[in-house]
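So the chains spell out like this:
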Amino acid sequence: MTRAIVTGGGSGIGLAVAQRLKGLGHEVTILGRSQAKLDAAGFRAFVCDVADRAGVRRAMAQAGAADIVVNAAGIVRSAPFLKLSDADWSDMWGTNLMGAVHVIHEALPGMRERNAGRIVNIASTASLKGYAYVSAYVASKHALLGLTRSLALEFAKTGITINAVCPGYTDTDIVRDAVANIAAKTKRSEAEARAELASANPQGRLIDPEEVADVVAWLVSDEAHSITGQAIAVAGGEVM
Ligand code: NAP
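Right, let's walk through the structure included here. Per chain, residues are indexed from 1 in the order of the written sequence. At least 70 in pLDDT is required for a residue's local features to be given in this predicted model, at least 80 for side-chain atom pairs to be given and counted, and no such filter applies to totals for whole chains, interfaces and linings, which use all residues. Side-chain measures were taken over the full set of non-hydrogen atoms in the model, leaving aside hydrogen atoms and water.

Below, the discussion takes up the pairing of strand 4 (residues 68-71). Each regular strand carries side chains that alternate between the two faces of the sheet. Classification of residues uses two cut-offs on accessible area relative to the type maximum, computed with a 1.4 Å probe and protein chains only: under 20% is buried, over 50% is exposed, and between them is partly exposed. Runs of H or I in DSSP of at least four residues are treated as helices and runs of E of at least two as strands, each being numbered from the N terminus. Of the two faces of strand 4, both are covered, the one formed by I68 and V70 as well as the one formed by V69 and N71. Strands qualify as paired when DSSP identifies two bridges or more between them. Relative to strand 5 (residues 117-122), strand 4 runs parallel, the two sharing four bridges. Across the sheet, residue V69 finds its bridge partner in strand 5, namely I119. Handedness of a crossover is defined as follows: with both strands directed away from the viewer, a clockwise route from the first strand across the helix to the second makes it right-handed. Between the parallel pair strand 4 and strand 5, the chain is carried across by helix 4 (residues 86-114), and the sense of this crossover is right-handed.

If you want it as structure tokens, here you go:
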């Protein structure tokens, strides 16, 4: 049995990943800010804001040595560039990039000592292309992929792999909030807003969180030891 830590494991993609890894026999610990969400998920859990370095250090020490780390914690706020505040920038940067930096920083020394480890960052198609009205989110997700690629090279001679999974619009709270936001701002119905997001995917649908979890399950397997520094899109052909 190996130990896995999944940030943002209380909902959406992180929860699907936690469930999949548990199904594969891994001992899973999840991190997130909301105790209620973590309790409902039903895993060993620690409350932790990944943007807070000291908090991450405490939570990771409590969680114990990790063989697998999946960084799924993430936030998105959409607004035209000129309306994004400094707080929006620092919140998205702090969570989407620095959150992963903090968690990886705690996990890597042990992985290096054991010469084994799997790190998967839940990035986004927004790591690979631009989208209007989410510039801070897109910038933070591009940065997360840059981190992934550089660490993969830095640790290539070890048994540690570091990869990114890049989902397109996935059926989670993030997309439900985006649908409500679009509907409120554009006077379109929620069904129309949802259809518009689904149409970004050439397959014409939203991705299921379980489909993202399937790719993570492969990346953390022994068979994927040659796969490192990759950005694997789960997006029905939206990026290629
Ligand atoms: P979600 O259900 O909102 O999941 C995000 C999770 O992250 C929540 O459980 C949230 O829990 C946690 N979280 C947020 N900020 C945190 C922080 N500072 N510290 C610790 N935990 C934090 O949405 P999701 O779609 O599954 O998102 C998961 C990841 O997938 C994100 O990185 C997102 O950018 C990425 N992604 C999503 C889509 C999509 O279309 N849904 C597409 C591409 C990529 P708390 O609020 O309790 O902290």
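Topologically, E210 is positioned in helix 8 (residues 209-219). Look at E210 and you get partly exposed, because its relative accessible area is 46%.

Buried residues of nine kinds, namely Ala, Val, Leu, Ile, Met, Phe, Trp, Tyr and Cys, make up a nonpolar core once their side-chain atoms join them within 4.5 Å. Counting 31 residues, the largest nonpolar core has L31, M60, V69, I104, I119 and L147 as its most contacted members. Elements that contribute at least two residues to this core include exactly helix 3 (53-63), helix 4, helix 5 (135-154) and strand 6 (160-167). With eight residues, helix 4 is the largest single contributor of residues to this core. Contact between two residues is taken to exist if any of their heavy atoms lie within 4.5 Å; hydrogens are not considered. V69 has contacts with I5, V103, A107, M111, R118, I119 and V120, leaving out every residue within four places of it along the chain.

Looking now at the packing of helix 4 against helix 5. Where helix 4 contacts helix 5, the two axes come as close as 8 Å, and the packing angle between them is 15 degrees. Between helix 4 and helix 5, the angle is such that the two are roughly parallel. When you trace helix 4 past helix 5, the crossing you get is right-handed. Listed contacts from helix 5 to W89, M92, W93, N96, L97, A100, V101 and I104 of helix 4 are S135, A136, Y137, A139, S140, K141, A143, L144, L147 and L151. Gly is placed with the polar residues, together with every amino acid not listed as nonpolar (Ala, Val, Leu, Ile, Met, Phe, Trp, Tyr, Cys and Pro) or charged (Asp, Glu, Lys and Arg). Residues belonging to the contact of helix 4 with helix 5 are distributed by class as follows: 14 nonpolar, three polar and one charged. Only C-alpha atoms enter the line fits that serve as axes; for helices the fit covers just the stretch in contact. Angles between N-to-C directions range over 0 to 180 degrees. By the definition adopted for this analysis, an angle is roughly parallel if under 35 degrees, roughly antiparallel if over 145, roughly perpendicular if from 65 to 115, and oblique otherwise. Crossings are assigned a handedness: left-handed for a near helix turned anticlockwise from the far helix by less than a right angle, right-handed for a clockwise turn.

Being near a molecule or strand, for a residue, comes down to having at least one heavy atom within 4 Å of it. Around the ligand, 28 residues are found, and the nearest of them are I13, R33, Y137, T170 and T172. Between the ligand and the protein, one listed contact pairs an oxygen atom with a backbone N or O atom of S34 at 2.9 Å. For the purposes of these results, a polar contact is taken to be a pair of N or O atoms within 3.5 Å, where, inside protein, one atom must be able to donate a hydrogen and its partner to accept one; residues adjacent in sequence count only when each atom of the pair is a side-chain atom. Contact between the ligand and T95: a nitrogen atom at 3.4 Å from a side-chain N or O atom of the residue. For accessible areas, the Shrake-Rupley method is used with a probe of radius 1.4 Å. Any residue's cover is judged against the shown protein chains and nothing else. The fraction of the free accessible surface of the ligand (870 Å²) that becomes covered by protein chains is 95%. Where the shell around the ligand is concerned, the elements lending two or more residues are helix 1 (12-23), helix 5 and helix 6 (173-186). By residue class, the composition of the shell around the ligand is 13 nonpolar, eleven polar and four charged.

Here we take up helix 4. Expected helix span is computed as 1.5 Å times (number of residues minus one). Helix length check: helix 4, at 29 residues, gives a terminal C-alpha distance of 40 Å against a target of 42 Å (1.5 Å per residue), a fit within 8%. The largest bend along helix 4 measures about 45 degrees and falls at M98. Here the bend at a residue is taken as the angle between two axes, fitted respectively to the seven residues that end there and the seven that start there.

Moving on to helix 3. If you check which residues of helix 3 are buried, you get G55, V56, A59, M60 and A63. Down the axis of helix 3, the buried side of the element spans an arc of 125 degrees, and every buried residue falls inside it. Opposite the buried face of helix 3, at more than 90 degrees from it, the exposed residues are R58 and A61. On its buried face, helix 3 sits against strand 1 (3-7), strand 2 (27-32), strand 3 (44-47) and helix 4. The directions considered for the arc are those from the helix axis to the C-beta atoms.

On to the environment of R176. Following the sequence through the fold, R176 ends up in helix 6. Residue classification places R176 among the partly exposed residues on the basis of a relative accessible area of 42%. The sequence separation of R176 and R194 amounts to 18 residues, and the corresponding C-alpha distance is 8.2 Å.

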